[in-house]
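# Structural overview
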Amino acid sequence: TSTAITFNSDGFLLSNSVLVNTNNTRYTYTAFDGSDCTSTGTFCVGSYSGNGSSSRAISTGFQPAMVMVTRNNNSAASFKTKDMPSNNGQYFTTTAQATTLFPSSLSSSGFTVGSTNNANGGTYYYAAFKEINGMMRTGTYTGNGSARSITWFGAGSTPSLVLVKNSNSTTSSHRNPLINQTHYYGDFSASISSTINSITGGITALSDNGFQVGTQSRANRSGSIIYWVAWGGEQASPS
């Protein structure tokens, strides 16, 4: 919805849309600031118009570790991290991974989109993040079905937001990505798609140098390849 969220000088404004402002419903949010699409940048937001080609390079100015792309319609948003193989991208939904989203690896100065993220006439929006120890990192692990810790975010740092995605389970519900952030208060994960969001046993805690996962299949199904993205640097919450 184009008018549901509007940015202003010190935050954002909400409309009365049921998507973002339903009465007596608790919302959590994460906001990023400081877009800089140059060689010294670490975070870049932008847009492009699709031209229908099967491979197209998009410049961010730096080498991203994670890129997310969405079209201005009801198409599912997608993302790619440095840990994913070439010709592989993931959706922020239960849809299976696809080769037509990002047909190559992330480059030293941007990323490449494929036909799905470059339909002729479409308008696409993207956000790209550079990996910085203790601020933003990505990784992968193979699920084992047992509670465990995932580290390598940055010693002495605790992430503010973590995303996990089961990439290759044959059960679609297992591929629904999960997030956990500082204001979820412990063992509570939320689905990105529109499903019940009170999920335990997924991302069970945010901790020094990483996070913890439980036995929930979306976060730790035995034998599944799980991709994760973690961000830090949370500012004090407004009163």
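Data block above holds the structure.
Residues numbered from 1 in each chain as written. Predicted model: local features only at pLDDT ≥ 70, side-chain atom pairs only at ≥ 80, totals over all residues. Heavy atoms only, no water.

### Thoughts on the side chain of Thr204
Defined as follows: Strands are runs of DSSP state E lasting at least two residues, helices are runs of H or I lasting at least four, and both sets are numbered from the N terminus onward. Relative accessibility under 20% of the residue-type maximum defines a buried residue, over 50% an exposed one, and the middle range a partly exposed one, all with a 1.4 Å probe and only protein chains included. By the convention used here, residues are in contact when the closest approach between their heavy atoms is within 4.5 Å.
In this fold, Thr204 is placed in strand E15 (residues 203–207). The buried category is assigned to Thr204, whose relative accessible area is 18%. Residues within four places of Thr204 in sequence aside, it is in contact with Gly186, Asp187, Gln212, Val213 and Gly214.

### Considerations on the packing of aromatic side chains
Put simply, the test is: In summary, the pairing rule links any two rings of Phe, Tyr or Trp, Trp by its six-membered ring, whose centres are within 6.5 Å, and it sorts them by plane angle into stacked for under 30 degrees, edge-to-face for over 60 and tilted for everything else.
The tally for this structure, following the rule as stated, stands at 13 aromatic pairs. Here Phe129 and Trp231 contribute two aromatic rings whose centre-to-centre distance is 5.4 Å and whose plane-to-plane angle is 70°, an arrangement assigned as edge-to-face. With a gap of 102 residues between them, Phe129 in strand E9 (residues 123–129) and Trp231 in strand E17 (residues 225–231) connect regions that are remote in the sequence. For the pair formed by Phe129 and Trp231, the shared burial category is buried. Here the aromatic residues Tyr48, Phe102, Phe111, Tyr124 and Tyr126 are joined through ring pairs into a cluster of three or more.

### So, the sheet that holds strand E10 (residues 136–142)
What counts, and what does not: Two strands pair under a simple rule: DSSP has to find at least two bridges between them.
Spatial ordering of the open sheet is given by E10-E17-E12-E13-E14, a layout of five strands whose pairing is antiparallel. Either end of the sheet is taken by a strand with one partner, and the two such strands are E10 and strand E14 (190–191). Across six bridges, the pairing between strand E12 (residues 161–166) and E17 is antiparallel. Directly across from Val164, in E17, lies its bridge partner Trp228.

### What about the pairing of strand E16 (residues 210–213)?
Sheet analysis places strand E11 (residues 148–150) next to E16, joined by three bridges and oriented antiparallel. Paired with Ser149 across the strands is Gln212, a residue of E16. Pairing between E15 and E16: four bridges, direction antiparallel. The residue bridging Ile203 from the neighbouring strand is Val213, located in E16. Taken together, E15 and the strand that follows it, E16, pair antiparallel across an intervening segment of two residues, in which Asn209 is found at a positive phi of about 70°.

### Looking at the sheet that holds E11
Our working definition: Here the axes come from fitting lines to C-alpha atoms, over the contacting stretch only for helices, and the angles between their N-to-C directions go from 0 to 180 degrees.
Judged by pairing direction, the sheet is antiparallel, and its three strands sit side by side in the order E11-E16-E15 without closing on themselves. Looking at which strands have only one partner, the edges of the open sheet turn out to be E11 and E15. Taken pair by pair, the neighbouring strands of this sheet meet at an average axis angle of 25°, ignoring direction.

### Observations regarding the environment of Asn144
For clarity, the threshold we go by: Polar contact criterion, stated in full: a pair of N or O atoms within 3.5 Å, where within protein one must be able to donate a hydrogen and the other to accept it, and residues adjacent in sequence count only if both atoms are side-chain atoms.
Examined against the element boundaries, Asn144 turns out to sit in the loop between E10 and E11. Distance from Asn144 to Thr215, taken between C-alpha atoms, is 8.3 Å for residues 71 residues apart in sequence. From its side chain, Asn144 meets the backbone nitrogen of Ser146 in a polar contact 2.9 Å long.

### So, the state of the cysteines
Note the cut-off: Only a pair of cysteine sulfur atoms within 2.5 Å counts as a disulfide in this structure description.
As enumerated under the stated definition, the model contains one disulfide in all. For Cys37, the disulfide goes to Cys44, at an S-S distance of 2.0 Å. Taking the sign of the S-S torsion, about 95° here, the bridge from Cys37 to Cys44 comes out right-handed. Classification of Cys44 by relative accessible area gives buried; the value is 0%.

Keep in mind these numbers describe shape, not what the thing actually does.
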